[in-house]
Amino acid sequence: MRAMGDIAAITREVRVCMFDLYGTVVDMQGGLTRAVTPYLKAKGWAGDPSRLVTWWRRTHFENSMIDALLHRAHTPYREIGHISLDYTLERAGVPHTRDEVRGLVAEIERLQPFPDVVAALTRLKQKYRLVILSNGDPDMLDAIQPRLGIAFDRIISVAEAGSFKPHAATYRKAAEMIGAAPPEILFVANHAFDCVGAKASGMYTAFVDRRRRPFGDWPYQPDLVVADFTELADALA
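Residues numbered from 1 in each chain as written. Predicted model: local features only at pLDDT ≥ 70, side-chain atom pairs only at ≥ 80, totals over all residues. Heavy atoms only, no water.

Caption draft 1: Region of interest: helix 10 (residues 229-236). Among the residues of helix 10, Phe 229, Leu 232, Ala 233, Ala 235 and Leu 236 are the ones counted as buried. Axial view of helix 10: buried residues confined to an arc of 160°, hence all on one face. In the core, the buried residues of helix 10 are packed alongside helix 1 (7-13), strand 2 (16-19), helix 6 (117-125), strand 5 (185-189), strand 6 (204-208) and strand 7 (224-226). Its side-chain oxygen at 3.2 Å from the backbone nitrogen of Thr 230, Asp 228 defines the N-terminal cap of helix 10. (Buried < 20%, exposed > 50% of the residue type's maximum accessible area, 1.4 Å probe, protein only. Helix = DSSP H or I, 4+ residues; strand = E, 2+ residues; numbered from the N terminus. Arc of directions from axis to C-beta. Contact = heavy atoms within 4.5 Å. Polar contact = N/O pair within 3.5 Å; in protein donor to acceptor, adjacent residues only side chain to side chain.)

Caption draft 2: Examining the packing of helix 2 (residues 28-42) against helix 3 (residues 49-70) more closely. Relative to each other, helix 2 and helix 3 sit at 120°, their axes nearing to 8 Å. Considering the angle they form, helix 2 stands oblique to helix 3. When you trace helix 2 past helix 3, the crossing you get is right-handed. Packed against helix 2, whose contacting residues are Met 28, Gln 29, Leu 32, Thr 33, Val 36, Thr 37 and Leu 40, the element helix 3 presents Pro 49, Ser 50, Leu 52, Val 53, Thr 54, Trp 56 and Arg 57 at the interface. Per-class residue counts for the contact of helix 2 with helix 3 are eight nonpolar, five polar and one charged. (Axes fitted to C-alpha atoms, helices over the stretch in contact; angles between N-to-C directions. Parallel < 35°, antiparallel > 145°, perpendicular 65-115°, else oblique. Left-handed = near helix turned anticlockwise from the far one by under 90°. Nonpolar A, V, L, I, M, F, W, Y, C, P; charged D, E, K, R; others polar.)

Caption draft 3: Local environment of the side chain of Thr 170. Mapped onto the fold, Thr 170 is located in helix 8 (residues 168-178). Excluding anything up to four places from it in sequence, Thr 170 contacts Leu 133, Val 158, Ala 161, Ser 163, Phe 164 and Lys 165.

Caption draft 4: Expanded view of the packing of aromatic side chains. Summed over all chains, the structure comprises seven aromatic pairs. On the numbers, 5.5 Å between centres and 25° between planes, the contact of Phe 19 with Phe 229 is stacked. With a gap of 210 residues between them, Phe 19 in strand 2 and Phe 229 in helix 10 connect regions that are remote in the sequence. For Phe 19, a relative accessible area of 0% puts it in the buried group. Here Phe 229 falls in the buried class, since its relative accessible area comes to 0%. Following the ring pairs from residue to residue traces out a cluster consisting of Phe 19, Phe 152 and Phe 229. One cation-aromatic arrangement involves Arg 210 over Phe 114; the distance from NZ or CZ to the ring centre is 3.8 Å. (Phe/Tyr/Trp six-rings, centres within 6.5 Å; stacked < 30°, edge-to-face > 60°. Lys NZ or Arg CZ within 6 Å of the ring centre and 35° of its normal.)

Caption draft 5: The layout of surface pockets, seen in detail. Approximately 830 Å³ is the volume found for the largest pocket. Looking at the largest pocket, it is lined by 32 residues, and the ones nearest its centre are Arg 57, Phe 61, His 191, Phe 193 and Arg 211. Contributing elements (two or more residues each) for the lining of the largest pocket: helix 2, helix 3 and helix 9 (192-200). It is helix 3 that provides the largest number of residues to the lining of the largest pocket, a total of eight residues. Class assignment of the residues belonging to the lining of the largest pocket gives a composition of 13 nonpolar, nine polar and ten charged. (1 Å grid on protein atoms, 1.4 Å probe; cavity = no way out; pocket = protein on both sides within 12 Å on 5 of 7 lines; lining within 4 Å. Points joined across faces, edges and corners; volume = space filled by probe spheres on them.)

Okay, structure coming up:
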């Protein structure tokens, strides 16, 4: 654990722990890799399934940012997923149908938490309200909720704000919906961009560095850097 900010201030002021979902609470890379591996094998594709998933996820992120920057009607996360996976499979030379793309994107609704998550959140729940703020669509979040292993106090989709994270409106809307001021919220994410967005919106942030990657020299540095949720609970609970 690395304390980049004042831990005493965090534990004194924070009332809500707000979490990103995909890749932070649930294992997106591992879950989607397990889902696409037999599919790609059946197609005769000889590449590394994990690398294709990484490619898919990066394309999804890029397309989400394009959608947010258009300042037009918010495109659902699922639809962005279809566009992104279709593009990725085409680039990789994998023949596919629309139904196959829909089926693979639906695996996002069946992702499982990382092994350390439930025990750590159970500890944190004794002291904090637990909230999810996700780029996922409301119905996707409803579908995955029974798989999370713990009852969150609120699960919020960015559809409420009409834009994908890290748009400032997403964090402001989530804070408004739970009746908390930004400095009363610790936002927890495995993604630097999400921590940057939350910190710029006035929240405390914790970067879960599962992948052992640099955060980057942003002016919006996280207040806490932890290896996993166990370290997070040790620091806060």
